[in-house]
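Spelled out from the first residue to the last, the chains are:
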Amino acid sequence: MATFNEIYFQSDDGLALYARDYAAKGNRAKCPIICIHGLTRNSSDFEEIAPWLAEQGRRVLAVDVRGRGNSAHDSNTDNYNPSVYAKDVACLMHQLGIARAVFIGTSMGGITTMTVALQNLKLIVAAVLNDVGPILSETGLKRIAGYAGKNRTLSSLAEAAEYVKNINQHAFPNNDDAEWLKWAKRAFSANQVGEYEPRYDPNIALPLQNGKLKAESFWSKLAFKRLAKNRPTLLIRGSISDLIETNQVTYMRTVAPKLRYAEIENIGHAPMLTEPAAKGALQSFLDECD
């Protein structure tokens, strides 16, 4: 049984976009949370952590970024970039009458969160960057470029689970077959002939494939500093992540001494946030955000 309501909204440029809306539990109104997923993922990545966050008394909105999940694909592939994604999130907030929110961004979702900080900092009360920062490891970028956008049609859900396992097992060595099947159901859907296709437009990976997405830039560093120096910010990192490595963490903690930090043992890119250590860090952080 679904624990969320489905929201369809329109972007400023007329694209039909989607979000899951989890109602807050309890009587005390707290600042809502906006969850933004990674590059090839969608809102279902938060289907376990979002109800837990709602139990803390917070409305949770998990978006499908344009080109993913139930959101429409964009015929203008130049729009597949964090600047546009950030405007889409602001549009959702405006249409729902949400003035400020806590942001939780995984990977690309964290880059989008930092971009929101550049465009309209007042929308952000606090932010969680999940395994991402202003400087990324070339190792992780090359790995993601090796599969993102290279869509495969698979014959069964079991085959989809095996595919997901093959590209993620190094980062989640303790996942069992049931977990990989769960991931496959989030990442793939059946087409009209019963084959399974990834739930994203392959063109979303063009910035990564054509070199427009850089490991670091002046603007990414500026965005991070604007966020972390002006709003409570928590960095959650998988201890074996290949996208945010120790030197990137050192940079972030040096330029933003108030940055909160939690490391999740034996997890790579990116923690699902359901890990006990991640939930503990989120609980402590959120308790201070109202």
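Presented here is a report on the structure given in the accompanying data block.

Rules behind the numbers
- Residues numbered from 1 in each chain as written.
- Predicted model: local features only at pLDDT ≥ 70, side-chain atom pairs only at ≥ 80, totals over all residues.
- Heavy atoms only, no water.
- Salt bridge = Lys/Arg side-chain N within 4 Å of Asp/Glu carboxyl O.
- Helix = DSSP H or I, 4+ residues; strand = E, 2+ residues; numbered from the N terminus.
- Buried < 20%, exposed > 50% of the residue type's maximum accessible area, 1.4 Å probe, protein only.
- Expected span 1.5 Å × (residues − 1).
- Contact = heavy atoms within 4.5 Å.
- Patch = residues over 30% accessible without salt bridge, like charges linked within 9 Å, V, L, I, M, F, W, Y side chains within 5 Å.
- Areas by Shrake-Rupley, 256 points an atom, 1.4 Å probe, with all protein chains shown as cover.
- Pairing = 2+ DSSP bridges.
- Axes fitted to C-alpha atoms, helices over the stretch in contact; angles between N-to-C directions.
- Phe/Tyr/Trp six-rings, centres within 6.5 Å; stacked < 30°, edge-to-face > 60°.
- Parallel < 35°, antiparallel > 145°, perpendicular 65-115°, else oblique.
- Nonpolar A, V, L, I, M, F, W, Y, C, P; charged D, E, K, R; others polar.

### Here's the deal with the pattern of salt bridges
Inspection of the entire model under this criterion finds 15 salt bridges. Among the ionic pairs, Lys-165 bridges to Asp-177, the shortest N-O distance being 3.8 Å. Of this pair, Lys-165 sits in helix 5 (residues 157-168) while Asp-177 sits in helix 6 (residues 177-187), and the two are 12 residues apart along the sequence. You can call Asp-177 exposed: its relative accessible area is 57%. A salt bridge links Arg-237 to Glu-263; the shortest N-O distance between them is 3.0 Å. Of this pair, Arg-237 sits in strand 9 (residues 233-238) while Glu-263 sits in strand 10 (residues 260-264), placing them 26 residues apart in sequence.

### Side note on helix 5
Taking 1.5 Å per residue, 12 residues should reach 16 Å; helix 5 reaches 16 Å between its end C-alpha atoms and fits that length. For helix 5, the set of buried residues is Leu-157, Ala-160, Ala-161, Tyr-163, Val-164, Lys-165 and Asn-168. Along its buried surface, helix 5 packs onto helix 6, strand 7 (188-190) and strand 8 (196-198).

### Details of a nonpolar patch on the surface
A cluster of nonpolar side chains, contributed by Phe-218, Trp-219 and Leu-222, occupies part of the molecular surface with about 360 Å² of accessible area. With respect to the helices and strands, the residue Trp-219 is situated in helix 8 (residues 218-230). The exposure class of Trp-219 is exposed, given its relative accessible area of 56%.

### Section: the sheet that holds strand 4 (residues 60-64)
Sheet architecture is open: eight strands sit in the order 1-2-4-3-5-6-9-10, paired in mixed fashion. A single partner strand is all that each edge strand has here, and the edge strands are strand 1 (5-10) and strand 10. On average, each strand axis in the sheet is tilted by 20° relative to the strand beside it, whichever way the strands run. In this structure, strand 3 (residues 33-36) lies alongside strand 4, joined through three bridges in parallel fashion. Looking across to strand 4, one finds that Ile-34 is bridged to Leu-61. Packing against the sheet, helix 8 makes contact with strand 6 (124-130) and strand 9, and its axis sits at approximately 120° to strand 6.

### Focus on the packing of aromatic side chains
Applying the stated criterion across every chain, the model contains six aromatic pairs. Ring geometry for Phe-4 against Tyr-22: centres 5.3 Å apart, planes inclined by 50°, an arrangement best described as tilted. Taken together, the positions of Phe-4 in the segment before strand 1 and Tyr-22 in strand 2 (residues 16-22) put the pair 18 residues apart, joining distant regions of the chain. Here Phe-4 matches Tyr-22 in class, with each residue buried. Taken together, the ring pairs connect Phe-172, Trp-180 and Trp-183 into an aromatic cluster.

### Here we look at the side chain of Thr-113
Tracing the sequence through the fold places Thr-113 in helix 3 (residues 108-120). Apart from residues no more than four positions distant in its own chain, Thr-113 is found in contact with Ile-36, Phe-103, Gly-105, Ile-124, Ala-127, Leu-129 and Leu-227.

### Re the packing of helix 5 against helix 6
Look at helix 5 against helix 6: their axes get within 8 Å of each other, and the N-to-C directions meet at 105°. Viewed along their axes, helix 5 and helix 6 adopt a mutual orientation that is roughly perpendicular. Residues Leu-157, Ala-160, Ala-161, Val-164, Lys-165 and Asn-168 of helix 5 pack against Asp-177, Trp-180, Leu-181, Trp-183, Ala-184 and Lys-185 of helix 6. Class assignment of the residues belonging to the contact of helix 5 with helix 6 gives a composition of eight nonpolar, one polar and three charged.

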